[in-house]
Amino acid sequence: MSNEASHFATVLERIVRNALKQFRDLSDADLNRQLELPESNTAFALATHLIGAAEYWVLELAGGRAMWRNRLAEFHASGPGAELVARYERWLAALPEVLHMLPNTQLEQPAPVDPRFHPSNEPMTLRDALLHAVEHCALHQGHLELTRQFLGYPPAGAL
């Protein structure tokens, strides 16, 4: 693995594992329960959006793997926690495979960003895309921590 890609992999893995820790022990009912806060999302929807974005920014843009994504549906997603955990585990397994094949020289290449997921007209490199993935995953991992606490669960802790 290239030095720079290994740093992205390490940080992204830590963030995603901590996000997984925030919902893994929630009951399915609580995972899908709407908070009594305006414009909030369920833990399931937040976790679905986080992993949907991670799949897109890392596996598709950096790894060249075709991923199907319906961003708007992510915020209305519901279901059993076991399926969501399995999706996270698949992403975690694919992460080193994708970044292992990403040489430092390729990080300066343009990222073929879909304007539905990044409406800015400004061009991005693959490095920019990976930095965005870190930023985005970290933001929603924090949302999951707060949602967990609003649901009445104790803090899950960080890795």
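These numbers were taken from a predicted model, which means no experiment stands behind them.

(A) The side chain of Thr48, seen in detail. If you trace the backbone, Thr48 turns up in helix 3 (residues 43-62). Excluding residues that lie within four positions of it along the chain, Thr48 makes contacts with Glu74, Ala77, Leu84 and Arg87.

(B) Main features of the packing of helix 1 (residues 3-23) against helix 3. The contact between helix 1 and helix 3 brings their axes to 11 Å, and the two run at 160°. By the angle between their axes, helix 1 is roughly antiparallel relative to helix 3. Viewed along their axes, helix 1 and helix 3 form a crossing whose handedness is left-handed. When helix 1 is examined against helix 3, the residues Leu12, Val16, Ala19 and Phe23 are found in contact with a partner set consisting of Ala47, Leu50, Ile51 and Val58. Class assignment for the residues of the contact of helix 1 with helix 3 results in 8 nonpolar, no polar and no charged.

(C) Region of the structure containing the packing of aromatic side chains. Counted by the stated rule, this structure contains 3 aromatic pairs. Judged by centre distance (5.2 Å) and plane angle (80°), the ring pair of Tyr56 and Trp57 falls under edge-to-face. Under the relative-accessibility criterion, Tyr56 is labelled buried at 2%. Trp57 sits in the buried class, given a relative accessible area of 2%. Each member of the aromatic cluster is reached from another via a ring pair, and the members are Tyr56, Trp57 and Phe117. For Arg69, the ring lying beneath its charged end belongs to Phe117, and the centroid distance is 4.6 Å.

(D) Examining unusual backbone geometry more closely. Positive phi values are uncommon outside glycine, yet Glu39 reaches one of about 55°. Among the structural elements, Glu39 can be located in the loop between helix 2 (28-31) and helix 3.

(E) Here's a closer look at the pattern of salt bridges. All told, the structure shown has 10 salt bridges when counted by the stated rule. Linking Glu4 and Arg127 is a salt bridge whose minimum nitrogen-to-oxygen distance equals 2.5 Å. Residue Glu4 is located in helix 1, and its partner Arg127 is located in helix 6 (residues 126-150); the two are separated by 123 residues in the primary sequence. In this structure, Glu89 engages Arg24 in a salt bridge whose closest nitrogen and oxygen atoms are separated by 3.1 Å. Here the residue Glu89 occupies a position in helix 5 (residues 81-100), and Arg24 occupies one in the loop between helix 1 and helix 2, the gap between them amounting to 65 residues. Of the residues examined, Glu89 reaches a relative accessible area of 30% and is grouped as partly exposed. With a relative accessible area of 46%, Arg24 lands in the partly exposed category. A single network of salt bridges, built from pairs that share partners, joins Glu4, Glu108 and Arg127.

Calculation notes
- Residues numbered from 1 in each chain as written.
- Predicted model: local features only at pLDDT ≥ 70, side-chain atom pairs only at ≥ 80, totals over all residues.
- Heavy atoms only, no water.
- Helix = DSSP H or I, 4+ residues; strand = E, 2+ residues; numbered from the N terminus.
- Contact = heavy atoms within 4.5 Å.
- Axes fitted to C-alpha atoms, helices over the stretch in contact; angles between N-to-C directions.
- Parallel < 35°, antiparallel > 145°, perpendicular 65-115°, else oblique.
- Left-handed = near helix turned anticlockwise from the far one by under 90°.
- Nonpolar A, V, L, I, M, F, W, Y, C, P; charged D, E, K, R; others polar.
- Phe/Tyr/Trp six-rings, centres within 6.5 Å; stacked < 30°, edge-to-face > 60°.
- Buried < 20%, exposed > 50% of the residue type's maximum accessible area, 1.4 Å probe, protein only.
- Lys NZ or Arg CZ within 6 Å of the ring centre and 35° of its normal.
- Salt bridge = Lys/Arg side-chain N within 4 Å of Asp/Glu carboxyl O.

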